[in-house]
Amino acid sequence: MVLDIFMSALDRIKCFFFIGNKTLQPKDILTELFQELDLKKKNLMDDNVFVPDHYSIALSRIDFDDISPFISNLKDQLKTKLTERIKNKKYKLLSPLVIEIRADLGIEMNFIE
C-alpha cells in the first residue's frame, strides 16, 4: 500500500519533468497505461496473472480538445498496443479491454490520471 502511494507520487513527478512544457503525446498516454497495467496486476495462486480490463484516462480540457479529432483512432491504437503487451507478458483479462478517455477540469495541462 505504501509502496503503491510512493510509486504513484513518483509517476506524477516523472510526468511533470518529462512532459513538462511540451504538449501531451499519445505515447505519453500509452506509457501511463503500461505502468498502470503492471501496477494493478494480480497474481493468483495458480500462477495466472490477471490485469484490469477497464482503463479510464483523464486529461485536462486543453489536452482532451487537442486529441479529440482523432480520439477514436487513438483508442483503437492504445487497445492494440495494450493487448500486445498483455499477450507478451502472458497476462490474462476477465473480459474485453475497454479504454475511456475523458476531460477533467481538475487536471492540469500535460498531466494524465
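A brief report on the enclosed structure follows. Note that this is a predicted model, so its numbers are computed, not measured.

Here the focus is the overall build of the chain. Summing up its helical and strand segments, the chain has 4 helices and 4 strands in all. In the chain, the succession of helices and strands from N to C terminus is α-α-β-β-β-α-α-β. The burial tally for the chain puts 31% of its 113 residues in the buried class. Taking contacts inside the chain between residues at least 6 apart in sequence as the whole, the part at least 24 apart equals 78%. Working note: accessible area of the chain is about 7,700 Å², and carbon and sulfur atoms make up 58% of it.

Glycine aside, the phi torsion of most residues is negative, and most peptide linkages are trans. Unusually for a residue other than glycine, D47 sits at a positive phi of about 70 degrees. Here D47 is to be found in the loop between β1 (42-43) and β2 (49-50).

This part covers helix α2 (residues 26-39). In an α-helix there are 3.6 residues to a turn, and that puts residues three or four apart on one side. Across its 14 residues, α2 extends 20 Å between first and last C-alpha, which sits within 8% of the 20 Å expected from 1.5 Å per residue. Every buried residue of α2 is accounted for by D28, I29, L30, L33, F34 and L37.

Between α2 and helix α4 (residues 71-88), the shortest axis-to-axis distance is 10 Å and the interhelical angle comes to 40 degrees. Of the two possible hands of crossing, α2 and α4 adopt the one that is right-handed. Residue-level inspection shows P26, I29, L30, L33, F34, L37 and D38 of α2 in contact with α4, the latter providing L74, L78, K81, L82, R85 and I86. Grouping the amino acids of the contact of α2 with α4 by side-chain chemistry returns 10 nonpolar, no polar and 3 charged.

For the rest of this paragraph, the subject is the nonpolar core. Ranked by size, the top nonpolar core spans 23 residues in total, and within it I29, I57, L59, L78, L82 and I101 carry the most contacts. Among the elements of the structure, α2, β3 (54-59), α3 (61-67), α4 and β4 (98-103) are those that each provide at least two residues to this core. When residues no more than four places from it in sequence are discounted, the contact partners of I57 are I29, L33, L78, I99, E100, I101, R102, I112 and E113.

The rules behind these values
Residues numbered from 1 in each chain as written. Predicted model: local features only at pLDDT ≥ 70, side-chain atom pairs only at ≥ 80, totals over all residues. Heavy atoms only, no water. Helix = DSSP H or I, 4+ residues; strand = E, 2+ residues; numbered from the N terminus. Buried < 20%, exposed > 50% of the residue type's maximum accessible area, 1.4 Å probe, protein only. Contact = heavy atoms within 4.5 Å. Areas by Shrake-Rupley, 256 points an atom, 1.4 Å probe, with all protein chains shown as cover. Expected span 1.5 Å × (residues − 1). Axes fitted to C-alpha atoms, helices over the stretch in contact; angles between N-to-C directions. Left-handed = near helix turned anticlockwise from the far one by under 90°. Nonpolar A, V, L, I, M, F, W, Y, C, P; charged D, E, K, R; others polar. Core = buried A, V, L, I, M, F, W, Y, C linked by side-chain atoms within 4.5 Å.

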